[in-house]
Amino acid sequence: MKLKEIVAILDGEVLLPEVDLEMEVPCAFSSDLISDILMCTKEPTLLLTGLTNNQVIRLCDMIDIVGIVFVRGKRPLQEIIDMARERNIPLICTNYTMYRSSGLLFNAGLRSCKI
Amino acid sequence: MGEYWYIRPGLEESVNGFFSAQPEADMALESQIPEKDFNQAGKGSAEVKNLLKRLGVNPGILRRVAVAAYEAEINVAAHSLGGTMMCRIYDEFIHIIFKDMGPGIADIEQAMTPGYSTADEMVRELGFGAGLGLPNIKKNSDALHIHSERGNPTLLEFLIYFMSDE
């Protein structure tokens, strides 16, 4: 699924305008627990989370996260956005909950990452 | 006194040989882990990953080293009074050693149980404290050794082979 379709489905806001919205996203994973994310992400994955601290971006140095969706109206601080820009990680904000966002994307054909 | 050893089956001879000989490393890297500093935490692991990447280590192994090192780094920042991370790189594997300034793990077996956590509220709010840190380190390591007791510093070290299949 293309990133621009994800933005449309989630009625999302793209925080880094320079990102390539034509980028293909192969799968996704949703969690607010960092260890869960580390344990379950073994392939290029879109992360849906309510966490907005710098460790979420730091995770992208360890594992292959192709983009981050901040759910339920959460918004990261500018320094976090800047960290993502340095790493070329697309950031999207949505007002939908994690459950709703995951359900909408799953129904639209975005598969769960292999764990 | 608490002592924990895990060696991936089939690697016993090589791992035991390494720990009894403790040869000099081809390359070494050291970083400090200050207590509760979550702006710094994770930088050391990212550095190690980048170094191994430049050395041509395969992506699956890079991921395992990064995840195990990051979890251990977060553990030191979250649960101890601060410590150090020392990486020693050899031809066939990486040996990473974490030493902190205490206060030690009361019960290592319990701490190894998935879901068990003593993380405080501030640490949990950042998304840590799932109780998966040590299990995740074990899962990604070929050998793991922990030495700890209540009231004293903790030593955690692991080996990851560059050629292993897991």
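Anything mentioned here points back to the structure above.
What you are looking at is a predicted structure, and each value in this text was computed from that prediction instead of being measured.

Colleague: Quick question: what am I supposed to make of the overall build of chain A here?
Modeller: Within chain A one finds five helices and six strands. Order of helices (α) and strands (β) in chain A, N terminus to C terminus: α-β-β-α-β-α-β-α-β-α-β. Projecting the C-alpha coordinates of chain A onto the three principal axes gives extents of approximately 35 × 30 × 25 Å. A fraction of 50% describes how many contacts in chain A between residues 6 or more apart in sequence connect residues 24 or more apart. Carbon and sulfur atoms make up 53% of the accessible area of chain A, which amounts to about 5,100 Å² in all.

Colleague: Looking at this model, I keep getting lost on the sheet that holds strand 6 (residues 111–112) of chain A. Mind explaining?
Modeller: Backbone hydrogen bonds are what pair the strands of a sheet, in a parallel or an antiparallel way. Residue and element names in this part refer to chain A. In spatial order, the strands read 1-5-4-3-2-6; together these six strands make up an open sheet with mixed pairing. The open sheet has two edge strands with one neighbour each: strand 1 (13–14) and strand 6. Across two bridges, the pairing between strand 1 and strand 5 (residues 91–93) is antiparallel. Each bridged residue has a counterpart across the sheet, and for Glu13 the counterpart in strand 5 is Cys93. Sheet contacts for helix 3 (residues 54–62): strand 3 (45–49), strand 4 (65–70) and strand 5; angle to strand 4, the most-contacted strand, approximately 165°.

Basis of the calculations
- Residues numbered from 1 in each chain as written.
- Chains lettered and ligands numbered in written order.
- Predicted model: local features only at pLDDT ≥ 70, side-chain atom pairs only at ≥ 80, totals over all residues.
- Heavy atoms only, no water.
- Helix = DSSP H or I, 4+ residues; strand = E, 2+ residues; numbered from the N terminus.
- Contact = heavy atoms within 4.5 Å.
- Areas by Shrake-Rupley, 256 points an atom, 1.4 Å probe, with all protein chains shown as cover.
- Pairing = 2+ DSSP bridges.
- Axes fitted to C-alpha atoms, helices over the stretch in contact; angles between N-to-C directions.

These figures capture arrangement, not role.
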